[in-house]
Number of protein chains: 4
Amino acid sequence: MDATKRLGGSNYVLWGGREGYETILNTNMGLEIDNLKRFLELVVDYKHKIGFDGQILLEPKPHEPTKHQYDFDSASCLAFLRKAGLENEIKLNIEANHATLSGHSFEHEIAYAIANNALGSLDINRGDTLLGWDTDQFPNSVSELILPFYHLFSNGGIGKGGLNFDAKIRRQSIDPEDLFYAHIGGMDVCAKTLLAVEKMINDKKLSDYVSKRYEDWQKDLGNFIHTKGTSLDSIHQKVLNENIEPEPRSGNQEYLENILNKYL
Amino acid sequence: MDATKRLGGSNYVLWGGREGYETILNTNMGLEIDNLKRFLELVVDYKHKIGFDGQILLEPKPHEPTKHQYDFDSASCLAFLRKAGLENEIKLNIEANHATLSGHSFEHEIAYAIANNALGSLDINRGDTLLGWDTDQFPNSVSELILPFYHLFSNGGIGKGGLNFDAKIRRQSIDPEDLFYAHIGGMDVCAKTLLAVEKMINDKKLSDYVSKRYEDWQKDLGNFIHTKGTSLDSIHQKVLNENIEPEPRSGNQEYLENILNKYL
Amino acid sequence: MDATKRLGGSNYVLWGGREGYETILNTNMGLEIDNLKRFLELVVDYKHKIGFDGQILLEPKPHEPTKHQYDFDSASCLAFLRKAGLENEIKLNIEANHATLSGHSFEHEIAYAIANNALGSLDINRGDTLLGWDTDQFPNSVSELILPFYHLFSNGGIGKGGLNFDAKIRRQSIDPEDLFYAHIGGMDVCAKTLLAVEKMINDKKLSDYVSKRYEDWQKDLGNFIHTKGTSLDSIHQKVLNENIEPEPRSGNQEYLENILNKYL
Amino acid sequence: MDATKRLGGSNYVLWGGREGYETILNTNMGLEIDNLKRFLELVVDYKHKIGFDGQILLEPKPHEPTKHQYDFDSASCLAFLRKAGLENEIKLNIEANHATLSGHSFEHEIAYAIANNALGSLDINRGDTLLGWDTDQFPNSVSELILPFYHLFSNGGIGKGGLNFDAKIRRQSIDPEDLFYAHIGGMDVCAKTLLAVEKMINDKKLSDYVSKRYEDWQKDLGNFIHTKGTSLDSIHQKVLNENIEPEPRSGNQEYLENILNKYL
């Protein structure tokens, strides 16, 4: 962290890739989580002591090489940080490949972190959802990145964070040129995705749809439900009095997928 | 809940099997989580109003029929409950099959809930880890239940909760007798597991091993680390002063697995 | 099959979605496979008797609703058909969603079927590789279809087969319009993919790379290895005599992925 | 193979752990399968030339480290061997961990190989079905081995093959004693399983159930269906004439699982 500060770094990632267990038989999970909390408190204290003003980040990862890691996914990290009282001190560094290994899409993990004010930075190395380990490949698909970037940039961007390629080329890519092709391809894919996302955001087709889908929550019944003092009884009474009969509405998934496809 | 109260019920489970999304394209996750929070606040208020003194429980489940559910696993539920300020009002109903669908073992989810003081009750219907949906089968394996029950009963048992079979028989089990065999088999497996776990707990072999593995955390260095006022600097200094050189220790997984096998 | 003949149908698909077992405990797999063989012999005889000149097709699917199906994937079907002596009578109807459920990409199953002269027709409904069941969604991604179609059309096309949408819309898509959007979107994606694949095939960049990678198999050493009468001893002697020292070559995966991206 | 012969070995395993592809983009699958066929022909010729009378074995494995291997599972190997005309020369070495990685239970792969007269030998190192890579752990569960061994020993045993532990201990098991515990535990589990399976076979409860379930295939209608000259028409006519109305029968899965549990 001292070196990061001297180098003007903005982020300090704690990759917990071995902070878990091989077998629950030898493990006191409560004690381990307390120790993890204590360690992070000490790190945060140190950050403030030396005046490092970058972000401290946890990187969710479910397993590999361990059987089970405590920072399994974004939600696991947040459950922990909230219990530890460290939610305002530590953000998340979300990796595409780790997201899918934990059963979530990359865009889910990003949207979830944003909704919880916890997004710090991104590792955009991709995996292969038909394989069960961390392949750490360079990003190579606009269609895989478009929703992650859309969520990111329609919510204020990434702040002090960035897009990290800690990616490596495949075992069979043994020429020096392969590294260039991988970097060039990865950067091109990011650039193309950014151009597409700019259009998506300015067009507002998706965001208008979503606003409209939820707009009733800003209206009478929605406000009433969220008003302090409202109870299940008073909602029940209101529904009877006003003869409220909400009808199911289509989620229009296929329509929205068609719209998304126009940007690809 | 009124009916549950009149019937003397001890638990009221909110199974969120459709509280999620089919596509993130039409979804405002932040708003949905706020609505979920509000709904649960109203439910908890109602519980207190009518004087129902049972537990309110969330049941983690990652997906199926939806693409993604908010109560993905125990950690997701806890992240949510802590944010919503409902951690002391709502506990978890953990299901074996949902645990494995979310990438965790059943014993992990139970141990995690216990370590976080969040365990409410159990659904012990099993799944098939080679299949990707909820098969909801009756428990039929002592070796699958022994660690879940060991964690449960070496930590004070299940309190107001219980062991629920919401299990169903397989599509091809079409005779009335099949339901009897399923119930009898499931209960026998639970009974055998309880007998084995009683021995495990009284023998203390596993618990002594774990206590010993972590005992240094109660000694000088462990206490120092956890003392208020300790910093990374002061730990660093202590390590240098006292020439502390911790050596890696084996996790002895295979030895512990052999011990466990003696109870099966 | 009589109706198919009268309607001028070109294909008759035997979807074996329940031809498997729920539990191996009650199953005589050898006998079941023999019965399946006998059933298919009878079907093939009937086809010839009535003069139906379309294709008879098996549709590989690994499981769901059953625990395990005999037609698990293309290779399982071929192992069976070759044993049964029915390889020349029955081809495969490959579905995108079933391919991924069995651990293969759609393009793998197609390329494998082509390499084994077994491709009959395609169901192009897609799944979700983060989910473990058959979602049967309409195709909505050019980047998912480009390699399947590339393999198909650079190997002579689909003959008597076709592209089937047996797809359905999602549970939440409840408006009549949703079905239109799904069909229109699916057809548009197919059309765009066909245009991209036409360019890929005419450009020959990928096919030239592959030809070049394997061209040594048409040269001296390659021919020698494949000549009747050649033995491990004679290859060994040739390598010594001619001081043959093959060097590892890069697979250039990232370079090739960049080329593919130009067509998307 | 020369060394194996001199040492009196009975088996020679060709582990194809890299015989696959990292990307289908650079791969001519048909040519690769032809080359694999040629290689195996040369190996078989060499075996006969030197008079090695052991078994040559392929070891199915779906992937890792490669993206996709040709010997994906037992069925893939058999499809290949039948096409190559090598079915009588090469058998299979089935590994528990590879079986589950390919989506099959260990007992399925064994029963399938037996039903196809293709079983050669077993690697009994287990995996973890919640993890997506080859953990190669020692066997530690009677309940996981009982069905594999039951199929094996109720079908004549393993012949020239054996039970291989190529297993390794876990990364955290760093004491020399750990290797002993792992071997002892693995052998004990095998021994206990053998004792249980001996009882299962002698009791005949499962085998009698299965015989009875399929016994109609030895009776009039079953024989008629399998008689040369029978056609769908003649079966249809027989069903009408004799008013044959088969009723669905329960698969009794839960009853059979209870019986199995008596041996554990």
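Worth saying up front: this structure is predicted, and the values here are computed from it rather than measured.

(A) Expanded view of the relation of the copies chain D and chain C. Rotating chain D by 180° and translating it 0.0 Å along the rotation axis places it on chain C, where the RMSD comes to 0.0 Å. The transformation just described matches what one would write down for a two-fold rotation axis. Rotation axis and chain D: the residue whose C-alpha lies nearest the axis is Ala79(D), separated from it by 1.9 Å.

(B) Region of the structure containing the domain arrangement of chain A. Domains assigned within chain A are domain 1 (2-203) and domain 2 (215-262). Its C-alpha centre places domain 1 of chain A at a distance of 35 Å from the equivalent point of domain 2 of chain A.

(C) Up close: the sheet that holds strand S6 (residues 119-123) of chain D. Read across the open sheet, the 5 strands follow the order S1-S3-S5-S6-S7 (chain D); overall the sheet is parallel. Whereas interior strands pair on both sides, the edge strands pair on one side only; in this sheet they are strand S1 (11-15) and strand S7 (163-164) of chain D.

(D) Spotlight on the interface of chain B and chain A. At the interface, 61 residues of chain B touch 61 residues of chain A. Between chain B and chain A, roughly 5100 Å² of surface is buried when both sides are summed, and carbon and sulfur atoms account for 63% of that area. Taken together, the links from chain B to chain A amount to 2 salt bridges. Ionic pairing is found between Lys49(A) and Asp233(B), a salt bridge with its closest N-O pair at 2.2 Å. Viewed at the interface, chain A and chain B are joined by 30 residue pairs in polar contact (both at pLDDT 80 or more). Contributions of two or more residues to the side of chain B that touches chain A are made by helix H2 (29-50), helix H3 (74-84), helix H5 (106-115), helix H6 (142-153), helix H8 (205-214), helix H9 (220-226), helix H10 (232-242) and helix H11 (253-262) of chain B. The biggest single contributor to the side of chain B that touches chain A is H2(B), with 11 residues. Taken together, the residues of the side of chain B that touches chain A sort by class into 27 nonpolar, 21 polar and 13 charged.

(E) Layout of the pattern of salt bridges. All names here are of chain A. Summed over all chains, the structure comprises 62 salt bridges over all chains. Between Asp220 and Lys238 there is a salt bridge whose closest N-O contact spans 2.8 Å. Within this pair, whereas Asp220 is found in helix H9 (residues 220-226), its partner Lys238 is found in helix H10 (residues 232-242), the two being separated by 18 residues in sequence. Judged by its relative accessible area of 49%, Asp220 falls in the partly exposed class. Across the pair Lys238 and Glu242 runs a salt bridge whose closest N-O atoms are separated by 2.9 Å. Note that Lys238 and Glu242 are positioned in helix H10 at a spacing of 4 residues, about one turn of the helix. The exposure class assigned to Lys238 is buried, which follows from its relative accessible area of 10%.

Rules behind the numbers
Residues numbered from 1 in each chain as written. Chains lettered and ligands numbered in written order. Predicted model: local features only at pLDDT ≥ 70, side-chain atom pairs only at ≥ 80, totals over all residues. Heavy atoms only, no water. Least-squares fit on C-alpha atoms with pLDDT ≥ 70 in both. Domains from an automatic or database assignment. Pairing = 2+ DSSP bridges. Helix = DSSP H or I, 4+ residues; strand = E, 2+ residues; numbered from the N terminus. Contact = heavy atoms within 4.5 Å. Buried area = accessible area lost by both parts, 1.4 Å probe. Salt bridge = Lys/Arg side-chain N within 4 Å of Asp/Glu carboxyl O. Polar contact = N/O pair within 3.5 Å; in protein donor to acceptor, adjacent residues only side chain to side chain. Nonpolar A, V, L, I, M, F, W, Y, C, P; charged D, E, K, R; others polar. Buried < 20%, exposed > 50% of the residue type's maximum accessible area, 1.4 Å probe, protein only.

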